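# Notes for the structure review
Each chain is listed here by its residues.
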Amino acid sequence: MKNTAKRRRAWFALAGLAWLACSGGPSLAAEIKIDPASPKEFPAILISGVFEDGDDKKFTALALDVDNAIVVFESPGGNLLAGLGIGRAIRLKEFSTAVEGGAQCASACGLAWLGGIRRFAHPEAQIGFHAAYIENNGQATETGAGNALVGAYLNQLSLPQSAIVYLTSAPPHDMQWLPLQEARNYGIDLEIIGAPEPGAGGGGAASATASGEEIAAALAGNTVKGSMTESGAYEEFYAPDGAIKGEDFSGTWRIDGDSICIKYDDDPEACWEVKLDGGEVTWLDDGEEQGTGVIVEGNPNEF
């Protein structure tokens, strides 16, 4: 059984309308792809680079046949309508969204990230917003039409008026960086990844069980070493394709809701709830602790 406290480094345009996180520098088209190392049962769709017109259609085509995905962003922004389109598609598919440690998701990217049915952010992630604008002869001018589109989109996401005002308050070429720990004060729900929940005590397992997304992100591609109450010591590698490999055994794993279901050889499948705390994992059956483990990055034993 295994879990890693490390997450893998896991959506429209009126002519001339742009939403740019920064000025200057060459424009690099956004790359949109499925992370090949992510579990098939819970794939990660990676979006990086500058949003351009039509990127929402590229995303929709890729995501059409994908279920239960998480969309991981790293982008300075770009085309406003593309960002809104990606965000609407994410919400329609009920995908989650994430920005990882050290990554930036600004402007149109921040709007797309808001589309997640569940939003995740690392404490060291930067997520920024500002008012929509158009470029005229090199001058940025705030546009009422663009802000109306953004306001309508945020309203579709059921964000309150306080959030809409906050997210569009920064002028062009400025940025309102979202204070993650205070986001709920503005009516923006998100979950901090890679850090204890606010108010969680030190030591032991985290107070709440992990979601299916969090379990998959923690386990895929890593090894867990620990001990179970009934069966004793174990050490096994959780391959991203759903295989489990040990020194002299094999099995499979899959995510079912907010549980992980594991099957070894001819044994019946068993499903577990999981608590994650840093590099430690606790296995639960009907809320009762059945074992613990420590996450080891990768497959050092070459199982």
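Look above for the structure.
None of the values given here were measured: they were computed from a predicted structure. (Residues numbered from 1 in each chain as written. Predicted model: local features only at pLDDT ≥ 70, side-chain atom pairs only at ≥ 80, totals over all residues. Heavy atoms only, no water.)

## Looking at the pairing of strand β9 (residues 126-129)
Taken together, the three bridges between strand β7 (residues 104-106) and β9 define a ladder with parallel strand orientation. By the bridge assignment, Gln104 is partnered in β9 with Gln126. Where β9 meets strand β12 (residues 176-177), two bridges bridge the pair, whose relative direction is antiparallel. For Phe129, the partnering residue across the bridge sits in β12 and is Gln176. (Pairing = 2+ DSSP bridges. Helix = DSSP H or I, 4+ residues; strand = E, 2+ residues; numbered from the N terminus.)

## With respect to the sheet that holds strand β17 (residues 250-256)
With antiparallel pairing, eight strands are arranged side by side around a closed barrel as β14-β15-β16-β17-β18-β19-β20-β21. Going from strand to strand, the sheet's axes swing by 35° on average, the running direction of each strand aside. When strand β20 (residues 280-285) meets strand β21 (residues 288-297), the two strands line up antiparallel, connected through six bridges. Directly across from Val281, in β21, lies its bridge partner Gly293. Helix-sheet contacts for helix α6 (residues 212-219) involve β14 (222-228), β15 (232-238), β17, β18 (259-264), β19 (270-277) and β20, and the interaxial angle to β17 is about 145°. (Axes fitted to C-alpha atoms, helices over the stretch in contact; angles between N-to-C directions. Contact = heavy atoms within 4.5 Å.)

## Focus: the nonpolar core
Phe51, Phe59, Phe73, Trp113 and Leu114 are the most contacted members of the largest nonpolar core, which totals 47 residues. Sorting elements by how many residues they give to this core places helix α2 (residues 80-93) first, with seven residues. By size, the runner-up hydrophobic cluster in this structure holds 26 residues, among which are Ile193, Ile215, Ala216 and Ala220. (Core = buried A, V, L, I, M, F, W, Y, C linked by side-chain atoms within 4.5 Å. Buried < 20%, exposed > 50% of the residue type's maximum accessible area, 1.4 Å probe, protein only.)

## Comments concerning unusual backbone geometry
Its identity as a non-glycine residue notwithstanding, Asn68 has a phi of 55°, on the positive side. Examined against the element boundaries, Asn68 turns out to sit in the loop between α1 (55-63) and β4 (70-74). A relative accessible area of 53% means that Asn68 is categorised as exposed. Even without a glycine there, the phi angle at Asp265 is positive, about 45°. Following the sequence through the fold, Asp265 ends up in the loop between β18 and β19.

## Here we look at the packing of α1 against α2
Where α1 contacts α2, the axes come no closer than 8 Å and their chain directions differ by 20°. With respect to each other, α1 and α2 are oriented roughly parallel. On α2, the residues touching Asp55, Asp56, Phe59, Thr60 and Ala63 of α1 are Ala82, Gly85, Ile86, Ala89, Ile90 and Lys93. Considered class by class, the residues forming the contact of α1 with α2 number six nonpolar, two polar and three charged. (Parallel < 35°, antiparallel > 145°, perpendicular 65-115°, else oblique. Nonpolar A, V, L, I, M, F, W, Y, C, P; charged D, E, K, R; others polar.)

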